[in-house]
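Okay, here's what each chain looks like letter by letter:
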Amino acid sequence: MRPLNPEETLQKIKALAEEGLDPYVNAYRYEVTAKAEELKAKFSYLQPGEETEHRVSVAGRLWHVRRHGGITFMDLRDESGRIQLVVRRDIAERSERLSRTLKFLDKGDIVGAKGRVIRTKTGEISVLAEEIEILSIAWRPIPFHEFGVKDPEQRYRERYLDIMLNSRVRGAIVGLYKVEREMRRILDEKGFIEVHTPKLQPIYGGALAKPFVTKINALDRTVYLSIAPETYLKRLVVAGLFKVYEIAVSFRNEDIDATHYPEFVQLEAYQAFADWEDMMSLGEELIAEAVRALYGSYRVEREDGTVLDFSRPWPRVNMVEAIEEALKTRVRDMSREELEELAGRLGVEARDPRAGKIMEKIFEKVAMPRLRNPTFVTMFPRDISPLARPSRQDPRFAERFELYIAGLEVANGYSELNNPVLQYYFFKEEEELRKALEAESHPMDRDYVRALEYGLPPTGGIGIGLYRLMMAITGLPSIKDVIPFTITSPENIELVSESLQELAHRYL
RNA sequence: GGGCCCGUAGCUCAGCCUGGCAGAGCGGCGGGCUUUUAACCCGUAGGUCCCGGGUUCGAAUCCCGGCGGGCCCGCCA
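What counts and what doesn't
Residues numbered from 1 in each chain as written. Chains lettered and ligands numbered in written order. Predicted model: local features only at pLDDT ≥ 70, side-chain atom pairs only at ≥ 80, totals over all residues. Heavy atoms only, no water. Helix = DSSP H or I, 4+ residues; strand = E, 2+ residues; numbered from the N terminus. Buried < 20%, exposed > 50% of the residue type's maximum accessible area, 1.4 Å probe, protein only. Contact = heavy atoms within 4.5 Å. Areas by Shrake-Rupley, 256 points an atom, 1.4 Å probe, with all protein chains shown as cover. Lys, Arg positive; Asp, Glu negative; His and termini not counted. Charge placed at Lys NZ, Arg CZ, Asp CG, Glu CD. Near = heavy atom within 4 Å. Polar contact = N/O pair within 3.5 Å; in protein donor to acceptor, adjacent residues only side chain to side chain. Nonpolar A, V, L, I, M, F, W, Y, C, P; charged D, E, K, R; others polar. Core = buried A, V, L, I, M, F, W, Y, C linked by side-chain atoms within 4.5 Å. Pairing = 2+ DSSP bridges.

## With respect to the overall build of chain A
Here is step 1 of the chain: Within chain A, the regular secondary structure consists of 18 helices and 18 strands.
Here is step 2 of the chain: Across its three principal directions, the C-alpha atoms of chain A cover 85 × 55 × 50 Å.
Here is step 3 of the chain: Looking at chain A as a whole, 50% of its 508 residues are labelled buried.
Here is step 4 of the chain: Contacts spanning at least 24 positions in sequence make up 66% of the contacts within chain A whose residues lie at least 6 apart.
Here is step 5 of the chain: Summing over all exposed atoms, chain A offers an accessible surface of approximately 24,800 Å²; the carbon and sulfur share of this is 50%.
Here is step 6 of the chain: Each charge sign in chain A was given a centre, from 74 positive and 83 negative side chains, and these centres are 3 Å apart.

Structure, rendered in structure tokens:
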């Protein structure tokens with residue numbers, strides 16, 4: 001690997017160019033015929049020392065270079081895994097280009113290699129290289145090996161290094177893709193339509209959060225980045241798309257912590273003629289099958305040793321009952337004042353005009369931390385659920401649930417409120433609330449109520465926080481770990497290239 | 001918004017409490033080596049101790065301010 005030293009880098013580049021090996025001149029494409037892990041599986045039958053005539057070409061980044069004088073071993077990493085390249089002196093002596101190239105190879109470089117598949121004397125399935133091309137150069141030292149990048153600042157500033165070196169982070173990013181693919185497959189099979197709803201919205205809604213405010217120049221109009229796709233998806237149900245979903249990026253202008261980030265991805269699905277129970281079942285299926293697609297099992301053993309069991313069905317616990325069981329106290333008929341007093345005794349800060357908000361806080365304090373395996377918490381207070389349908393059993397509560405996994409709130413869903421009179425009434429309530437305190441409230445959305453006036457079928461909906469889900473199943477401690485790139489404050493970046501501008505003319 | 005902690009070589013970190021030559025391992029560079037797996041052996045270079053100010057004969061170390069980062073609490077998923 002090269003030192004972070006422009007002068008030495010310059011000498012290397014010049015020397016490469018003189019030998020006709022400059023990859024910025026030579027290497028525009030490379031024919032790849034095999035992947036590392038596929039080769040190791042396919043040739044696992046080889047005995048130590050056995051060689052084949054099977055010629056392959058592989059490409060990737062050099063991970064280790066072990067030079068032994070007459071023989072060199074290199075580990076090449078591609079997107080499937082690692083495979084060893086072997087360069088023997090007797091072969092290199094027959095190819096001047098190979099022996100010249102070999103001198104320049106450095107840990108971190110991107111190379112392509114052609115050769116025969118063998119198993120070495122010590123048992124490693126390898127490509128015995130006959131040709132090697134330098135395809136790109138690592139100008140900067142990459143912090144390889146056992147240490148990797150630990151400095152949290154460098155991890156986030158140079159995230160490509162963290163993703164390159166940290167297999168858990170890479171696994172979470174690839175894992176999210178597999179989760180989304182499996183969820184799409186299931187929803188497609190059930191006849192759901194995938195759509196995109198506006199990210200630029202004149203009225204934000206579908207959740208209670210501060211929005212990002214921006215402007216459409218063409219219309220000279222203030223708009224908000226979507227905090228949730230919910231109200232648009234339900235407009236589509238009104239329109240007759242009775243099974244509809246979106247994997248939506250949502251933006252909320254709130255603080256960043258271990259479980260919150262201002263932009264995040266959620267899958268929201270709506271199904272006409274279904275209620276909250278159906279949506280719990282759908283959520284179970286989507287998540288359990290995604291986990292199985294990822295790990296081949298409904299049981300996940302996490303890095304920290306804990307095991308999560310996604311076998312269905314998952315427990316469904318009533319919020320009030322969960323609190324009462326934890327506290328051994330009857331809370332279901334408590335007034336707002338009594339709840340506030342209880343919260344005070346529990347050390348829960350809850351000054352809010354809504355009794356339901358205080359109830360939720362108490363729940364999060366006393367009952368939520370106990371929930372490890374996937375558990376639905378049901379019957380959320382009605383006054384903190386302005387888009388949900390009141391319970392057919394007790395109108396103080398909504399037919400609303402949240403899903404908790406490993407102490408994280410991962411999903412939220414309900415029987416959708418389809419009564420326009422009640423929806424308008426709840427929006428008015430929210431407006432009053434906004435005046436009464438600084439807390440976020442749902443803005444009045446007259447167009448949404450108008451849509452309901454055309455008739456929304458009885459509908460169930462669910463939103464699944466996909467980053468939270470990845471945190472839960474990987475055990476990674478911060479939501480930033482599962483997001484490919486997060487924002488960092490500005491820095492002065494020193495570039496090798498800036499001091500080597502004299503090279504630019506070579507390539508034009 | 002409140003509190004706690006961190007910043008030393010390319011990477012991982014020690015040194016700081018109790019002020020006295022800037023350190024280790026890995027990596028780099030040079031040499032050797034035809035079966036290694038973080039190869040090994042010999043040699044060697046490499047520093048804005050985050051920045052600024054103060055105390056002191058003397059500051060990586062103590063004090064003040066700033067910058068960058070992390071964690072916890074409050075609020076939003």
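## Some thoughts on the protein's contact with RNA strand B
Here is step 1 of the chain: Lining the immediate environment of RNA strand B, one finds 50 residues, of which Glu 153, His 260, Lys 357, Arg 468 and Ser 489 sit closest.
Here is step 2 of the chain: The contact in question runs from a phosphate oxygen of RNA strand B to an N or O atom on the backbone of Gly 70, over 2.8 Å.
Here is step 3 of the chain: Of all the elements in the fold, those that place two or more residues in the surface near RNA strand B are strand 1 (51–67), strand 2 (71–77), strand 3 (82–88), helix 4 (89–92), helix 6 (152–157) and helix 13 (355–366).
Here is step 4 of the chain: When residues in the surface near RNA strand B are grouped by element, the largest group, 5 residues, is from helix 6.
Here is step 5 of the chain: For the surface near RNA strand B, the per-class residue count stands at 14 nonpolar, 13 polar and 23 charged.

## Let's talk about the environment of Val 291
Here is step 1 of the chain: For Val 291, the position within the fold is in helix 10 (residues 276–295).
Here is step 2 of the chain: Its relative accessible area of 1% is what places Val 291 among the buried residues.
Here is step 3 of the chain: Each C-alpha atom, one on Val 291 and one on Met 470, is 9.7 Å from the other, the two residues being 179 residues apart in sequence.
Here is step 4 of the chain: With sequence-adjacent residues up to four places away left out, Val 291 is seen in contact with Gly 296, Ser 297, Tyr 298, Val 300, Phe 310 and Ile 473.

## Some words on the nonpolar core
Here is step 1 of the chain: In this structure, Met 183, Ile 287, Phe 310, Phe 363 and Ile 405 are the most contacted members of the largest nonpolar core, which totals 74 residues.
Here is step 2 of the chain: Among the elements that take part in this core, helix 10 stands out by supplying 9 residues, more than any other.
Here is step 3 of the chain: Once you skip the residues sitting within four places of it in the chain, Phe 363 turns out to touch Met 319, Ala 322, Ile 323, Met 368, Leu 371, Val 377 and Tyr 404.
Here is step 4 of the chain: Ala 34, Ala 36, Leu 76 and Trp 139 belong to the second largest nonpolar core, which has 40 residues in total.

## Describing the pairing of strand 2
Here is step 1 of the chain: Most of strand 2 sits out of view: 6 of its 7 residues are buried.
Here is step 2 of the chain: Where strand 1 folds back onto strand 2 in an antiparallel hairpin, the turn is made up of 3 residues, including Gly 69, whose phi is positive at roughly 85°.
Here is step 3 of the chain: Pairing of strand 2 with strand 3 involves 7 bridges; the strand directions are antiparallel. Note on strand 3: the bridge partner recorded for Thr 72 is Val 87.

## A look at helix 9 (residues 230–238)
An α-helix turns once every 3.6 residues. As a result, residues three or four positions apart point the same way.
Here is step 1 of the chain: Helix 9 sits mainly inside the fold: 7 of its 9 residues count as buried.
Here is step 2 of the chain: Turning to helix 9, its buried residues number three or more, namely Glu 230, Thr 231, Tyr 232, Leu 233, Lys 234, Arg 235 and Val 237.
Here is step 3 of the chain: Packing partners of the buried residues in helix 9 comprise strand 7 (200–201), strand 10 (243–251), strand 11 (263–272), strand 17 (408–415), helix 15 (446–453) and strand 18 (459–465).
Here is step 4 of the chain: Backbone geometry just after helix 9 places Gly 240 at a positive phi near 110°.

Functional significance is not addressed by these values, which are geometric in nature.
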